[in-house]
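One-letter residues, chain by chain:
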Amino acid sequence: MIAKRVFVFFFASVFLTAAPPPGQATGVAGTVTGTVTDPSGATVALADVEIRNRATGFVRNVKTDNTGAFKIIGVPPNNYHVVVSAAGFQPAQQDVNVRSSVPLNLDIKLSLAAEATTMNVSGEAADLVENVPSAHTDIDSSTFNKLPTSSPGGGLSDAITMATPGVVADSNGFFHPIGDHAQTGFSVDNQPITDQQSKLFSTSMPLNAFASMEVIAGAPTAEYGDKTSLIVNAITRSGLGAQKPFGSLSLKYGSFGTIGEDFTEGFGNGRFGNFLAANTVRSGRYLDTPEFAPLHDRGNNQTIFDRVDFQPTSLDSLHLNLFFSRAWFQIPNTYDQQTAGQDQRQQIRTYNIAPGWVHTFGSSTVLTVNPYFRHDESQFFPSRNPFSDVPATLSQLRTLGNLGVKADLSYVHGAHNIKGGVQVQHTFLEENFSLGITDPAFDFSTSPGLLPYDLNNHGSLFRFRGHTDVKEEGYYLQDSITLGAFNIQAGLRYDQYNGLVADHQLEPRLGVSYLYKPTGTVVRLAYGRFFETPYNENLILSSATGAGGLATNTFSSFGSQPLRPGKRDQYNAGFEQAIGKHFSIDASYIWKYTRNGFDFDNLFNTPLAFPINWRKSKIDGLSMRFNLAEYKGLSAYTTLGHTRARFFGPEIGGLIFNSPLNNSVFRIDHDEALQQTTNVRYQRPRNGPWIDFTWRYDSGLVAGRVPDLASAFSLTGDQQAAIQFHCGGTYATINNPITSCAGLASANLLRIPAPGTENDDTNPPRMAPRNLFDVGVGIDDIFHAHKDRPRFTARFTAVNLTNKVALYNFLSTFSGTHFVEPRGYTVELGMVW
């Protein structure tokens, strides 16, 4: 029945809303068109047209056709220089500001080479800043293609974490955007994706499928709803307009038996295009592990992305995005679990079908329609012998189908850039779950409801099966108004949520920025109200709470109701400053006040996690980015983040397994005092040798399970060894835990507050600070190939160069225990054509 509804709705939305093409911008991407003429007004054929942004590294090159016309598609929102050159003429330059899917049309007149010309180009300092109220980071493929990847199959998460200020790295590709756990929304060619894209929940698209990303970390416009702490506007690569076939193939081999292959191929012409990315990877350290040395951690991942573009007329563009992926991996063991023979595994399969249609009405109006269907299936397998699983045997089969359509109309006139639209989606959830307690020493005092499922005493498996549909509607209207040096963004959004509960909210958004061109200074202020819907992953079981429900009778959770949407008020203030011709600073402070704050609860240090609601949260923090635009081959950036994430009990919805609940305030494990990433790259000439250096510093996330030495003494030997707990010079081992200490007891990898000083809000225990260093060296053209011939490439990458032993988290209620990656090397050979 579900499959029938999906089929009817999806194909009706595809064919009844017309269809999609590419020659024009889809989603947030813009299109720049134009005509090049000589002094007499005659068109100039085969002129070279380049559009460039020095701050992000974005560059696109095309030639004019026989009529002197050109078209550049897939241009991310930003400021650009357009340079046109042709034999016998002086180069011409023009500045453009891409802010809409409405095409920009340029008339460019070339002067004869013998003539003296004066070009009116805006000051270079102002080119490095953007006059918009939202704090955001623009990441071009030229930046993220050379960043180190420490998580197999997690390149997208790694790129976002390393390049975006205020985003804190966590285990297994998780990241915390500005103090939240997973409040990240993706917009891929205008397809909204708000379910988690971590490799434990789904399989994200391959990084080499993207041309660019705009990461909005504050004050998103009314177009965006649901998960809005971080918005990732991603534009995929296209073969439309390709003058000749292009592509790449790279083969990789690295530490832990890691082998992989990345392949891309694109081709097309002025009306048709196709782009394909197909990647595979296998590793002996697929997930982050609860021990520094990986145990039982093999995994593999395969992804295929294909984008087809067709432009039937000059006013219509169609595209079709197809994506399929499969991941299979073992669940890493502790030494105790390895000894017991634990053999838990997980498989995730994802596919996505997303067409799009863009139609232009005249020169000022564009209609965009994007239907989509995405399906995730996650299956968790227990060990064949249930008593090999410690402390419980678990299994799960969970599916998520997301069917929807997003349509919007953009209109540009004078100072106004107006956009209005609707987003309707229907999510189909199925959950099957079983659990049995296998540990004969399991403490049932806090969870007496689990006694019937004690397999050591003739208990049976707890079994759960549930289904629900979640229906959501969103309507929005916004206007970006340019008044001299001011940019005002005003909008209104309405969201309706009908799932296990029903709720709605009206959400005003307002932002103002001001550009002072002589100094290249932008100041900005913004306010927004947001409506955050519950996570869909394991939503049904986690919401089966309340009196007489699973939480009270089985898991002894204190949740009193199903999960409800969160309602947030958010304030942003910031500035952007250009310094000279190449350097810029962007700083932003954010305040977020939320009723019904969300998080996840981890079950027995497995990838099975359940969404929960806290009564409220207050989050504030500073984010900064220092950027050096490329100068004679050298480019660099530094990101900084400081976050205070204060959550207030009690838990009011969902399952929680490990921690007592009360009405007090506490710092959740998204809270980190300082996060810093510095990346420096040098390459000269353009395709010549290069070197890339990355320094990552984290002051340490909150780790609430060890608030004092008494708690540390009660840990097992394996747990004490993980944090390098010691009494004087004597360190705990797996078989020899430390239960008391007459001298000084401490832990190298965990900061335990001094006796009598621990406070859940002002002085919680934290993971120890860590510095991680990564280095990459390579060459993009080994044999100095002719421009019409393939280039051969080579690359060597070392992550965690000093082999630093450090923990992301420890016995966290919300994420378990995981070490950072040990030192690893990767060698890569490739070909580009």
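Quantities reported herein were computed from a predicted structural model and do not represent experimental measurements.

What counts and how
Residues numbered from 1 in each chain as written. Predicted model: local features only at pLDDT ≥ 70, side-chain atom pairs only at ≥ 80, totals over all residues. Heavy atoms only, no water. Helix = DSSP H or I, 4+ residues; strand = E, 2+ residues; numbered from the N terminus. Rg over C-alpha atoms; globule rule 2.2 N^0.38 Å. Buried < 20%, exposed > 50% of the residue type's maximum accessible area, 1.4 Å probe, protein only. Contact = heavy atoms within 4.5 Å. Pairing = 2+ DSSP bridges. Axes fitted to C-alpha atoms, helices over the stretch in contact; angles between N-to-C directions. Polar contact = N/O pair within 3.5 Å; in protein donor to acceptor, adjacent residues only side chain to side chain. Disulfide = S-S within 2.5 Å. Patch = residues over 30% accessible without salt bridge, like charges linked within 9 Å, V, L, I, M, F, W, Y side chains within 5 Å. Areas by Shrake-Rupley, 256 points an atom, 1.4 Å probe, with all protein chains shown as cover. Salt bridge = Lys/Arg side-chain N within 4 Å of Asp/Glu carboxyl O. Phe/Tyr/Trp six-rings, centres within 6.5 Å; stacked < 30°, edge-to-face > 60°. Lys NZ or Arg CZ within 6 Å of the ring centre and 35° of its normal. Core = buried A, V, L, I, M, F, W, Y, C linked by side-chain atoms within 4.5 Å.

Considerations on the overall build of the protein
Stage number 1. What the protein contains, in helices and strands, is nine helices and 44 strands.
Stage number 2. By the compact-globule yardstick of 28 Å for 833 residues, the protein fits well, its C-alpha radius of gyration being 27 Å.
Stage number 3. Along the three orthogonal principal directions, the C-alpha set of the protein runs to about 95 × 55 × 45 Å.
Stage number 4. Sorting the 833 residues of the protein into buried and exposed places 60% on the buried side.
Stage number 5. Long-range contacts, defined here as pairs at least 24 residues apart, represent 68% of the contacts in the protein between residues at least 6 apart.

A look at the sheet that holds strand 8 (residues 136–140)
Stage number 1. Taking strand neighbours across the sheet as the criterion, the five strands line up as 8-13-14-11-12 in an open arrangement whose pairing is mixed. One side of each edge strand has no neighbouring strand; the edge strands of this open sheet are strand 8 and strand 12 (191–193). The average undirected angle you get between the axes of adjacent strands in this sheet is 15 degrees.
Stage number 2. Of the pairings in the sheet, the one linking strand 13 (residues 210–216) to strand 14 (residues 230–236) comprises six bridges and is antiparallel in character. When the bridges of strand 14 are listed, Met213 appears paired with Ala234.

Here we look at the environment of Thr733
Stage number 1. Topologically, Thr733 is positioned in the loop between strand 36 (730–731) and strand 37 (745–747).
Stage number 2. The spacing of Thr733 and Leu397 is 336 residues in sequence and 37 Å in space, taken between C-alpha atoms.
Stage number 3. If we skip the residues at most four places from it in the chain, Thr733 touches Gly717, Asp718 and Ala721.
Stage number 4. Engagement of the side chain of Thr733 in a polar contact is seen with the backbone nitrogen of Asn736, the distance being 3.1 Å.

Considering helix 4 (residues 155–163)
Because an α-helix completes one turn every 3.6 residues, residues spaced three or four positions apart along the sequence face the same direction.
Stage number 1. The element helix 4 is largely enclosed, with a buried count of nine among its nine residues.
Stage number 2. Every buried residue of helix 4 is listed here: Gly155, Leu156, Ser157, Asp158, Ala159, Ile160, Thr161, Met162 and Ala163.

Comments concerning the state of the cysteines
Stage number 1. Considering all chains together, one arrives at one disulfide under this definition.
Stage number 2. Covalent S-S linkage joins Cys727 and Cys741, the inter-sulfur distance amounting to 2.0 Å. Of note, the bridge from Cys727 to Cys741 carries an S-S torsion of about 80 degrees and is right-handed in sense. Within this pair, whereas Cys727 is found in strand 35 (residues 725–727), its partner Cys741 is found in the loop between strand 36 and strand 37, the two being separated by 14 residues in sequence. By the burial criterion, Cys727 is buried, and Cys741 matches it.

What to know about the side chain of Lys419
Stage number 1. Structurally, Lys419 can be placed in strand 23 (residues 416–437).
Stage number 2. Within polar-contact distance, the side chain of Lys419 engages the side chain of Glu223 at 3.1 Å.
Stage number 3. When sequence neighbours within four positions are dropped, the list of residues in contact with Lys419 reads Glu223, Asp408, Leu409, Ser410, Tyr476, Leu477 and Gln478.

Things to note about a nonpolar patch on the surface
Stage number 1. A cluster of nonpolar residues, Leu634, Val680, Tyr682, Ile691, Phe693, Trp695, Val777, Phe796, Leu801, Tyr825, Val827 and Leu829, forms a patch on the protein surface that exposes about 970 Å² of accessible area.
Stage number 2. Of all the secondary-structure elements, those providing two or more residues to the nonpolar patch are strand 33 (675–683), strand 34 (689–698) and strand 44 (824–832).
Stage number 3. By the element assignment, Phe693 lies in strand 34.
Stage number 4. The class for Phe693 is partly exposed, based on a relative accessible area of 33%.

Here's the deal with the sheet that holds strand 36
Stage number 1. Taking strand neighbours across the sheet as the criterion, the three strands line up as 36-35-37 in an open arrangement whose pairing is antiparallel. Each edge of the open sheet carries a strand with a single partner, namely strand 36 and strand 37.
Stage number 2. Sheet analysis places strand 35 next to strand 37, joined by three bridges and oriented antiparallel. In the sheet register, Phe725 faces strand 37, and the bridge partner there is Ala747.

Here's the deal with the packing of aromatic side chains
Stage number 1. Evaluated as defined, the whole model comprises 26 aromatic pairs.
Stage number 2. Here the aromatic rings of Tyr535 and Phe598 are separated by 5.7 Å at their centres, their planes lie at 65 degrees, and the arrangement is edge-to-face. Taken together, the residues span a long stretch of sequence, with Tyr535 in the loop between strand 27 (521–532) and helix 6 (539–543) and Phe598 in strand 29 (residues 583–602) at a distance of 63 residues.
Stage number 3. With a relative accessible area of 3%, Phe598 lands in the buried category.
Stage number 4. Ring centres of Phe647 and Phe666 lie 6.4 Å apart, and the angle between their planes is 40 degrees; on these two criteria the pair is classed as tilted. Residue Phe647 is located in strand 31 (residues 634–654), and its partner Phe666 is located in strand 32 (residues 665–667); the two are separated by 19 residues in the primary sequence.
Stage number 5. The buried category is assigned to Phe647, whose relative accessible area is 1%.
Stage number 6. One Lys or Arg, Lys146, reaches over the ring of Trp690 and ends 5.3 Å from the middle of that ring.
Stage number 7. Sitting above the plane of the Tyr286 ring, Lys199 keeps its charged end 4.5 Å from the centroid.

Details of the environment of Gly225
Stage number 1. Relative to the helices and strands, Gly225 resides in the loop between strand 13 and strand 14.
Stage number 2. Gly225 gets classed as buried once you look at its relative accessible area, which sits at 12%.
Stage number 3. Sequence spacing of Gly225 and Gly254 is 29 residues, and the spatial spacing of their C-alpha atoms is 40 Å.
Stage number 4. In contact with Gly225, other than residues within four places in its own chain, are Thr194, Arg493 and Asp495.

Observations concerning the nonpolar core
Stage number 1. Residues Phe329, Leu394, Phe433 and Leu435 are the most contacted members of the largest nonpolar core, which totals 40 residues.
Stage number 2. When residues in this core are grouped by element, the largest group, four residues, is from strand 23.

Thoughts on unusual backbone geometry
Stage number 1. In this structure, Pro391 follows Val390 across a cis peptide bond, with omega equal to 5 degrees.
Stage number 2. At the junction of Gly649 and Pro650, the peptide bond is cis and its omega measures out at 5 degrees in the coordinates.
Stage number 3. For Pro650, the position within the fold is in strand 31.
Stage number 4. Even without a glycine there, the phi angle at Asn172 is positive, about 55 degrees.
Stage number 5. Following the sequence through the fold, Asn172 ends up in the loop between strand 9 (167–169) and strand 10 (175–177).

What to know about the pairing of strand 11 (residues 184–188)
Stage number 1. Within strand 11, five of the five residues are buried, which leaves it mostly tucked inside the rest of the structure.
Stage number 2. Here strand 11 shows no split at all, with Thr184, Phe186 and Val188 on one side and Gly185 and Ser187 on the other all buried.
Stage number 3. Bridging between strand 11 and strand 14 involves five bridges; their strand directions are parallel. Bridging from a neighbouring strand, Thr184 pairs with Leu230 of strand 14.
Stage number 4. Pairing analysis gives three bridges linking strand 11 to strand 12, with the strands arranged antiparallel. What sits directly across from Ser187, in strand 12, is Pro192.
Stage number 5. Counted between consecutive antiparallel strands, the loop separating strand 11 from strand 12 contains two residues, among which Asp189 sits at a positive phi close to 50 degrees.

Digging into the environment of Arg564
Stage number 1. By secondary structure assignment, the location of Arg564 is in the loop between helix 7 (550–555) and strand 28 (566–579).
Stage number 2. Taking the relative accessible area as the measure of exposure, Arg564 reaches 26% and is therefore partly exposed.
Stage number 3. Arg564 sits 21 residues away from Ser543 along the chain, and the two C-alpha atoms are 9.1 Å apart.
Stage number 4. Once residues lying within four places of it in the same chain are set aside, the contact partners of Arg564 are Val501, Ala502, Asp503, Pro534, Asn596, Phe598 and Asn613.

Topic: the pairing of strand 18 (residues 299–313)
Stage number 1. In the sheet, strand 17 (residues 272–283) pairs with strand 18 via 12 bridges, with the strands oriented antiparallel. Bridge pairing in strand 18 places Phe272 opposite Phe310.
Stage number 2. As judged from the 13 bridges shared by strand 18 and strand 19 (residues 316–330), these two strands associate in the antiparallel manner. Directly across from Gly299, in strand 19, lies its bridge partner Phe329.
Stage number 3. Joining the antiparallel neighbours strand 18 and strand 19 is a turn of two residues.

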